[in-house]
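The chain contents come next:
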Amino acid sequence: MSAVPYAPSSTGRLPLPWARKYDRDSRGPGIVYTVRSYATPIAWVRADGRTIIPPVSYSTTTTRHQNLCRAWLGTAATVDEGAAAA
């Protein structure tokens with residue numbers, strides 16, 4: 001797991017609807033913080049303060065990373081359910 005203060009261009013194994021959402025968020029309003037498990041963004045914080053944690057299942061290790069993100073980012077973390085429909 002790693003975190004960076006920007007939006008890496010690689011979306012790893014992020015499903016296509018979520019990869020599109022991540023790309024849109026990186027262009028506007030912008031992404032100020034990204035948490036990755038291996039090369040996949042599993043959580044990001046937008047410039048408007050909104051936290052996105054996609055409800056996507058991966059390996060046991062990445063699930064553990066996702067749970068840590070939820071704990072670290074607190075109850076303010078949101079899952080943007082609408083991205084899957086976009």
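Above this note sits the structure.
Residues numbered from 1 in each chain as written. Predicted model: local features only at pLDDT ≥ 70, side-chain atom pairs only at ≥ 80, totals over all residues. Heavy atoms only, no water.

Quick word on the pairing of strand 2 (residues 31-37)
Of all 7 residues that make up strand 2, 5 are buried, and the element is covered over most of its length. Note: strand 1 (residues 2-4) against strand 2, 3 bridges, orientation antiparallel. In the strand pairing of strand 2, S2 is matched with R36. Summarising the sheet, strand 2 and strand 3 (residues 40-46) pair through 6 bridges and their orientation is antiparallel. Within the sheet, the bridge partner assigned to R36 lies in strand 3 and is P41. (Buried < 20%, exposed > 50% of the residue type's maximum accessible area, 1.4 Å probe, protein only. Helix = DSSP H or I, 4+ residues; strand = E, 2+ residues; numbered from the N terminus. Pairing = 2+ DSSP bridges.)

Examining unusual backbone geometry
Omega for the peptide link from G28 to P29 comes to 20°, which places this bond in the cis form. Topologically, P29 is positioned in the loop between helix 1 (16-27) and strand 2. Within the chain, Y38 stands out as a residue other than glycine whose phi angle is a positive 60°. By relative accessible area, Y38 is classed as exposed at 62%.

Quick notes on the packing of aromatic side chains
On inspection of all chains with the given rule, the structure shows 1 aromatic pair. For the ring pair Y22 and W44, a centre distance of 5.0 Å and an interplane angle of 80° mean the geometry is edge-to-face. Of this pair, Y22 sits in helix 1 while W44 sits in strand 3, placing them 22 residues apart in sequence. For Y22, a relative accessible area of 2% corresponds to the buried category. Residue classification places W44 among the buried residues on the basis of a relative accessible area of 1%. (Phe/Tyr/Trp six-rings, centres within 6.5 Å; stacked < 30°, edge-to-face > 60°.)

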